[in-house]
Amino acid sequence: MEATSATLMTFGLATLLVSWILMLIAAWKDDYAWGIFAVLLPPLAYIYGLFRLEKAGQSLLVAFAGLLMIWAAF
């Protein structure tokens, strides 16, 4: 793996981690049940974000940026 690809992959994964943390914060602020759901099923927590764009839209944008970096690494 080239250095550029490794760097993009690392930053992409770090960005996805940040987006998940932002999603957890938004979910816990909305409702206790959504917070538990986001902790126990992290990939499915983004479905919550799609239904609550006004509250979790920022985390979806950060996740999209992370996925774009990971895609660019390949």
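In this report, we go over the structure that sits alongside the text. Throughout, residues of each chain are indexed from 1 in the direction in which the sequence is written. Given that this is a predicted model, residues contribute local features only at a pLDDT of at least 70 and side-chain atom pairs are listed and counted only at 80 or more, while totals for whole chains, interfaces and linings are drawn from all residues. Excluded from the side-chain calculation are hydrogens and water; included are all heavy atoms of the structure.

### A short note on the packing of helix α1 (residues 3–30) against helix α4 (residues 53–73)
Okay, so step 1: Helix axes use the C-alpha atoms of the stretch in contact, all axes being lines fitted to C-alpha atoms, and the angles between their N-to-C directions lie in the range 0 to 180 degrees. Helical segments are the DSSP runs of H or I of at least four residues, strand segments are the runs of E of at least two, and each set is numbered from the N terminus. Contact geometry of α1 with α4 gives a least axis separation of 8 Å together with a crossing angle of 165°. As the angle between them shows, α1 and α4 are arranged roughly antiparallel. Both α1 and α4 take part in a crossing whose hand is left-handed.
Okay, so step 2: Taken together, the residues of the contact of α1 with α4 break down into 19 nonpolar, six polar and two charged. Each angle is binned into one of four classes, with values under 35 degrees roughly parallel, values over 145 roughly antiparallel, values of 65 to 115 roughly perpendicular, and all other values oblique. Each helix crossing is assigned a hand: it is left-handed if the near helix lies turned anticlockwise from the far helix by less than a right angle, otherwise right-handed if that turn is clockwise. Under the scheme applied, nonpolar residues are Ala, Val, Leu, Ile, Met, Phe, Trp, Tyr, Cys and Pro; charged residues are Asp, Glu, Lys and Arg; polar residues are all the others, including Gly.

### Let's talk about the pattern of salt bridges
Okay, so step 1: What makes a salt bridge here is a side-chain nitrogen of Lys or Arg within 4 Å of a carboxyl oxygen of Asp or Glu, nothing more. Tallied over the entire structure, the rule returns two salt bridges.
Okay, so step 2: For Asp30, the salt bridge goes to Arg52, with nearest N and O atoms at 3.3 Å. Of the two residues, Asp30 sits in helix α1 while Arg52 sits in the loop between α3 (45–51) and α4, which places them 22 residues apart along the sequence.
Okay, so step 3: Relative accessible area decides the class of each residue, using a 1.4 Å probe on protein chains only: under 20% of the type maximum gives buried, over 50% gives exposed, and in between gives partly exposed. What makes Asp30 partly exposed here is its relative accessible area of 22%.

By themselves, these observations are geometric and do not establish any function.
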